[in-house]
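Spelled out from the first residue to the last, the chains are:
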Amino acid sequence: MFMHNKNLMYTVRVSEPDPKLASLMLEQFGGPQGELAAALRYFTQGLSDDDPARKDMLIDIATEELSHLEIIGSIVAMLTKGVKGKLAEGAEEVTELYANIAQGNGSHTLAVLYGGGPALTNSAGQLWNAGYIDSIGEPTADLRSNIAAESRAKIIYERLINLTPDAGVKDALTFLMTREVAHQKMFEKALYSIENNFPPGKLPGHPDYTDKYYNMSQGAGDARGPWNQGAQWEFVDIKPDQAPVNGGEGNPTVRLAAEELKAVNQAAMRTKSRTDVNPVTGADLGAGPGAGKTTPVK
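Per an unreviewed UniProt entry, the protein chain goes by Mn-containing catalase and derives from Azospirillum rugosum. What the UniProt record of the protein chain gives under Sequence similarities (unreviewed entry) is the line "Belongs to the manganese catalase family."

Here is the structure:
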């Protein structure tokens, strides 16, 4: 059951309309790192999670993200309020109105298509889509993805704060950014409350390959660090003539039934390339610009 409180989670005070800034704010409304994507990611994870404590956390955070979506949407609406009225009432000459709406960027899309209201697009006008939800149904993987998602959202908020001259908007964005930090902490604590959380899932890695570091980009710039040296790692230089790491010749094979093999061989013979002929083609006959010889004929 959802119940809406008409008060925003955080009081927002916008100094003056700014359609250009509103377009940038859409990144956190309908963008891949935005609040709608976060809310639906955690909500769907919570619905399917069988752990009561983790389910409660996920639904709580999902609901908070909807509150954040309301804050961002309210900021966008306030930043476009002046343009919205002028657009609806035709209060200026066409050229002046267009200049007022566009302000040197794509904010005219926001104003003309959506009447100045918050649109489910990112800052470039790309429509929101469910592909932003990357849940896979395994808590040890999803929680790691959630930590990364909150990290990316924090970075977007930092960038918006740096672009925002409005002190009231900056204050609200600082609150939202800080809540991304809090959510990272929650997800990390939830991850490590699962005793067997690495590697994600149930099956262990193959012992022959789990602790090997393959140096596959040799040459100037090769570096060593805790990711490829120490007691945990075996450092393996991959040579140009390297054999497959699991032995064999490196050619893919498949076992086919007799009928399948016959059909495959027939198709291969039917489509076989001949290297002993040089047939006349459209290029030889001058079929179109640039066809045939590339040097002028004298």
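Moving on from the coordinates now.
On to the nonpolar core. In terms of nonpolar packing, the biggest core is built from 23 residues, with Met-25, Ile-72, Ile-75, Tyr-157, Leu-173 and Leu-176 touching the most fellow members. Every element with two or more residues in this core is listed here: helix 1 (19–25), helix 4 (52–79), helix 8 (139–163) and helix 9 (167–192). What Ile-75 contacts, discounting residues up to four positions off in sequence, is Val-12, Met-25, Val-169 and Ala-172. By size, the runner-up hydrophobic cluster in this structure holds 13 residues, among which are Ala-38, Ala-62, Leu-143 and Ile-194.

For the rest of this paragraph, the subject is helix 9. Taking 1.5 Å of rise per residue, 26 residues should cover 38 Å, and helix 9 covers 38 Å from first to last C-alpha, within 8% of that figure. Its side-chain oxygen placed 2.9 Å from the backbone nitrogen of Gly-168, Asp-166 serves as the N-cap of helix 9.

Before going further, it helps to examine the packing of aromatic side chains. Per the counting criterion, the structure on display carries 5 aromatic pairs. Geometrically, the ring pair formed by Tyr-42 and Phe-187 is tilted, given 4.9 Å between the ring centres and 55 degrees between the ring planes. Highlighted residues: Tyr-42 in helix 3 (residues 35–48) and Phe-187 in helix 9, separated in sequence by 145 residues. Its relative accessible area of 0% is what places Tyr-42 among the buried residues. Among the residues examined, Phe-187 registers a relative accessible area of 0% and is labelled buried. Aromatic side chains Tyr-213 and Phe-235 sit 5.6 Å apart centroid to centroid with 10 degrees between the ring planes, which places their arrangement in the stacked category. Remark: Phe-235 occurs in strand 2 (residues 234–237) and Tyr-213 occurs in strand 1 (residues 212–215); sequence separation between them is 22 residues. Taking relative accessible area as the criterion, Tyr-213 reaches 26% and is therefore assigned partly exposed. Exposure remark for Phe-235: the relative accessible area of 26% places this residue in the partly exposed category. One Lys or Arg, Arg-224, reaches over the ring of Phe-235 and ends 3.6 Å from the middle of that ring.

Glancing now at the environment of Asn-122. Mapping Asn-122 onto the fold places it in the loop between helix 7 (107–114) and helix 8. Separated by 91 residues in sequence, Asn-122 and Gly-31 place their C-alpha atoms 4.1 Å apart. Ignoring any residue separated from it by four or fewer positions in sequence, one finds Asn-122 in contact with Leu-26, Glu-27, Gly-30, Gly-31 and Pro-32. Of the polar contacts made by the side chain of Asn-122, one reaches the backbone nitrogen of Gln-126; its length is 2.8 Å.

Before going further, it helps to spend a moment on the packing of helix 4 against helix 8. Interaxial distance between helix 4 and helix 8 falls to 14 Å at its minimum, and their mutual angle equals 20 degrees. The angle between helix 4 and helix 8 falls in the class roughly parallel. The interaxial crossing formed by helix 4 with helix 8 has left-handed handedness. Contact residues: helix 4 offers Arg-54, Met-57, Leu-58, Glu-65 and Ile-72, while helix 8 offers Pro-139, Leu-143, Asn-146, Glu-150 and Tyr-157. Within the contact of helix 4 with helix 8, the residues separate by chemical class into 6 nonpolar, 1 polar and 3 charged.

With that out of the way, let us pick up the pattern of salt bridges. All told, the structure shown has 6 salt bridges when counted by the stated rule. Of the charged contacts, one joins Glu-158 and Lys-154 as a salt bridge, the two residues approaching to 2.2 Å between their closest N and O atoms. Note that Glu-158 and Lys-154 are positioned in helix 8 at a spacing of 4 residues, about one turn of the helix. Looking at Glu-158, the relative accessible area reads 30%, which means it is partly exposed.

What counts, and at which threshold
- Along each chain, residues carry numbers from 1 onward, in the same order as the chain's sequence is written.
- Local features in this predicted model are restricted to residues whose pLDDT is 70 or higher, and side-chain atom pairs enter the listing and the counts only when it is 80 or higher, whereas totals over whole chains, interfaces and linings include all residues.
- By convention in this description, side-chain values take in all heavy atoms of the structure and omit both hydrogens and water.
- UniProt positions are given in the numbering used here, feature names are shortened, and annotations may be inferred rather than shown by experiment.
- Take the buried Ala, Val, Leu, Ile, Met, Phe, Trp, Tyr and Cys residues and link them wherever side-chain atoms come within 4.5 Å; each set so joined is a nonpolar core.
- Accessible area is worked out with a 1.4 Å probe on protein chains only. A residue is then buried under 20% of its type maximum, exposed over 50%, and partly exposed in between.
- What counts as a helix is a DSSP run of H or I of at least four residues, what counts as a strand is a run of E of at least two, and both are numbered from the N terminus.
- Contact definition: two residues touch when any of their heavy atoms are within 4.5 Å.
- One fewer than the residue count of a helix, multiplied by 1.5 Å, yields its expected span.
- Whenever a nitrogen or oxygen atom comes within 3.5 Å of another N or O atom, the pair is scored as a polar contact, on the condition that within protein one atom can donate a hydrogen and the other can accept it, and that pairs from neighbouring residues in sequence are kept only if both atoms are in side chains.
- Here the aromatic set is Phe, Tyr and Trp, taking the six-membered ring for Trp, and pairing holds for ring centres within 6.5 Å; pairs whose planes are under 30 degrees apart are stacked, those over 60 apart are edge-to-face, and all others are tilted.
- In this scheme, the term charge over a ring applies when either NZ of a lysine or CZ of an arginine sits within 6 Å of the ring centre and within 35 degrees of the ring normal.
- Helix axes use the C-alpha atoms of the stretch in contact, all axes being lines fitted to C-alpha atoms, and the angles between their N-to-C directions lie in the range 0 to 180 degrees.
- Should an angle fall under 35 degrees it is taken as roughly parallel, and over 145 as roughly antiparallel, whereas 65 to 115 is taken as roughly perpendicular and any remaining angle as oblique.
- Here is the rule for handedness: rotate from the far helix to the near one, and if that takes an anticlockwise turn smaller than a right angle the crossing is left-handed, while a clockwise turn gives right-handed.
- Only Asp, Glu, Lys and Arg are considered charged, only Ala, Val, Leu, Ile, Met, Phe, Trp, Tyr, Cys and Pro nonpolar, and every remaining residue, Gly among them, polar.
- When a carboxyl oxygen of Asp or Glu is within 4 Å of a side-chain nitrogen of Lys or Arg, the pair counts as a salt bridge.

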